[in-house]
Amino acid sequence: MKCISVYTNNFEVFSDIFERVVDSPLEENEEQEVEGITISHSGDVPEHYLERMSVKPEVVVMRDKSRGLTILQHGKVFEILLPVLETA
């Protein structure tokens, strides 16, 4: 899964820029600023990362089933986990 980190703890701000963040063509380890909020492509995370994070009481887990993505919110960061299409 591809992980995009959005450095804010404000859900309203996050939801305002969410579509632009998901659609942004970030390269791995690249940072950008969207409406004054830093976002970065944090690389790929293994499947067990989601399992490990979702059991922590301080982590909020949200899912967008239509896109197959998961959003984790903890501390002052939102992490958007996007499925990576396998190429054969």
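On a predicted model such as this, the values are computed, not experimentally measured, just so you know. (Residues numbered from 1 in each chain as written. Predicted model: local features only at pLDDT ≥ 70, side-chain atom pairs only at ≥ 80, totals over all residues. Heavy atoms only, no water.)

Concerning the nonpolar core
With 16 residues, the main nonpolar core has Val6, Phe14, Phe18, Val21, Leu69, Ile71 and Ile80 as its most contacted residues. Elements supplying a minimum of two residues to this core: strand 1 (2–6), helix 1 (11–23), strand 3 (37–44), strand 5 (69–74) and strand 6 (77–82). Here this core gets five residues from one element, more than from any other, and that element is helix 1. Not counting residues within four places of it along the chain, the set of residues in contact with Ile80 comprises Lys2, Cys3, Ile4, Val6, Phe14, Phe18, Val21, Val22, Leu69, Thr70 and Ile71. Counting nine residues, the second-largest nonpolar core is a separate cluster that includes Met1, Cys3, Leu50 and Leu81. (Core = buried A, V, L, I, M, F, W, Y, C linked by side-chain atoms within 4.5 Å. Buried < 20%, exposed > 50% of the residue type's maximum accessible area, 1.4 Å probe, protein only. Helix = DSSP H or I, 4+ residues; strand = E, 2+ residues; numbered from the N terminus. Contact = heavy atoms within 4.5 Å.)

Let's talk about the packing of aromatic side chains
Across all of its chains, the model carries four aromatic pairs by this definition. For the ring pair Phe14 and Phe78, a centre distance of 4.0 Å and an interplane angle of 5° mean the geometry is stacked. Here Phe14, found in helix 1, pairs with Phe78, found in strand 6; they are 64 residues apart in sequence, far enough to count as distant. What makes Phe14 buried here is its relative accessible area of 2%. Aromatic ring contacts, followed pair by pair, group Phe11, Phe14, Phe18 and Phe78 into a single cluster. (Phe/Tyr/Trp six-rings, centres within 6.5 Å; stacked < 30°, edge-to-face > 60°.)

Quick look at helix 1
Between its first and last C-alpha, helix 1 extends 18 Å over 13 residues, near the 18 Å set by a 1.5 Å rise per residue. At Ile17, helix 1 shows its maximal bend, which comes to roughly 50°. Within the sequence span of helix 1, burial applies to Phe14, Ile17, Phe18, Val21 and Val22. Packing partners of the buried residues in helix 1 comprise strand 1, strand 2 (31–34), strand 3, strand 5 and strand 6. Where helix 1 begins, the side chain of Asn10 points an oxygen toward the backbone nitrogen of Glu12, at a separation of 3.0 Å. (Expected span 1.5 Å × (residues − 1). Bend = angle between axes of the 7 residues up to and from the residue. Polar contact = N/O pair within 3.5 Å; in protein donor to acceptor, adjacent residues only side chain to side chain.)

Let's talk about the pairing of strand 1
Of all the five residues making up strand 1, four are buried; the element is thus mostly covered by neighbouring parts of the structure. Here strand 1 pairs with strand 3 via four bridges, running antiparallel. Bridging across to strand 3, Ile4 finds its partner in His41. Here five bridges tie strand 1 to strand 6, and the two strands are oriented antiparallel to one another. Its bridge partner being in strand 6, Val6 is matched across the sheet by Phe78. (Pairing = 2+ DSSP bridges.)

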